[in-house]
Amino acid sequence: MRQPPLCSATKVKVSALHEKSQAELTQSLDQYKRELLDLKVQQVAGAGASKGSKIRDVRKNISRVLTVITRKNRDSVIAQYAGKKHIPKDLRAKKTRAIRRALTKHESTRRTVRQQKKDAHFAVRQYAIK
Amino acid sequence: MMMCATNKAQAARKAALKGVHGKKEKKEHTSTTFRLPKTLRLARTPKYTRTATPRFAKLDQYSILRQPLNTETAMKKIEDNNTLVFLVDVRANKRHIKDAVKKLYDVDAAKINTLIRPDGVKKAYIRLPADVDALDVANKIGFI
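Residues numbered from 1 in each chain as written. Chains lettered and ligands numbered in written order. Predicted model: local features only at pLDDT ≥ 70, side-chain atom pairs only at ≥ 80, totals over all residues. Heavy atoms only, no water.

- Chain B carries the name 60S ribosomal protein L25 in an unreviewed UniProt entry, which gives Coemansia helicoidea as its organism.

- Within an unreviewed UniProt entry, the label attached to chain A reads 60S ribosomal protein L35, L29, and the organism entered is Coemansia helicoidea.

This is the structure in structure tokens:
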């Protein structure tokens, strides 16, 4: 009467996941989640050996699939916003708050014409002194 | 023609000196209170989405039903009261649980009672309709 497990709890290969489409990935995700549920039920039923290692493998598989799904989504969004001025905030460089608010390289090298002339005419001389 | 000319000249002089907003129509107020006038409200057209990808739904049917209980009291409930006893996620409500049971095990729930155990885990008593046997469903799920 008991349903057999859908697939054995082996580690899924991420390279294999990358070849799948989004629809297939969500399908695999459902499959793994279902398997996890079944394993937990079996654990409660107390049948046979402990399911701990299998459960761990399935949990990690689920997170691998989720990682690949997120990676693909983010890559498509990055491509969509490539070359645009305003991009989503979590795709921008994080660095630190202070660095993000600091003057840009261009802004900090700006000089007034007056200052440029001063620098040109009254530059600090470099001497070679023995 | 001659009469209009001087008036025209005067009007032109006045317009040049004082500008042309001489007479303004006074609006009739029928109430003493001044209410906020209805202005144009534009919908948002964001230049970028705030987060790149939307987050996953963390509380899906798989994470709601955590595990069935097969303690002696729970078994009694299955046999006598036609109910299944599950440990569920604390954030799930009865509607979530009913939906999850429907999606996962294809069973309608007649009614659901929930309580939160002293150890912080939510327990759900899922009563099945009379035409469905809880024992059969439990066997099918696999935890008997």
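## Looking at the interface of chain B and chain A
Size of an interface: often given as the accessible area lost when the parts come together.
And then number 1: Taken residue by residue, the interface counts 23 residues in chain B and 25 residues in chain A.
And then number 2: Here chain B and chain A share an interface that buries about 2100 Å² over both sides, 61% of which is from carbon and sulfur atoms.
And then number 3: Broken down residue by residue, the surface that chain B buries against chain A is led by Tyr48(B), Phe56(B) and Tyr62(B), which jointly contribute 30%.
And then number 4: Joining chain B to chain A, the criterion identifies 1 salt bridge.
And then number 5: The shortest N-O distance in the salt bridge between Asp60(B) and Lys33(A) comes to 2.6 Å.
And then number 6: Put simply, chain B and chain A have 7 residue pairs in polar contact (both at pLDDT 80 or more) between them.
And then number 7: Examining the composition of the side of chain B that touches chain A, we find that 4 residues originate from one element, strand 1 (residues 65-68) of chain B, more than from any other.
And then number 8: Here the residues of the side of chain B that touches chain A sort into 11 nonpolar, 7 polar and 5 charged. (Contact = heavy atoms within 4.5 Å. Buried area = accessible area lost by both parts, 1.4 Å probe. Salt bridge = Lys/Arg side-chain N within 4 Å of Asp/Glu carboxyl O. Polar contact = N/O pair within 3.5 Å; in protein donor to acceptor, adjacent residues only side chain to side chain. Helix = DSSP H or I, 4+ residues; strand = E, 2+ residues; numbered from the N terminus. Nonpolar A, V, L, I, M, F, W, Y, C, P; charged D, E, K, R; others polar.)

## Things to note about the confidence of the model for chain B
And then number 1: On average, residues of chain B carry a pLDDT of 90, and 97% of them reach 70 or more.
And then number 2: The ipTM, which scores confidence in the relative placement of chains, is 0.71 for this predicted complex, and the corresponding pTM is 0.75. (pLDDT = per-residue confidence, 0-100.)

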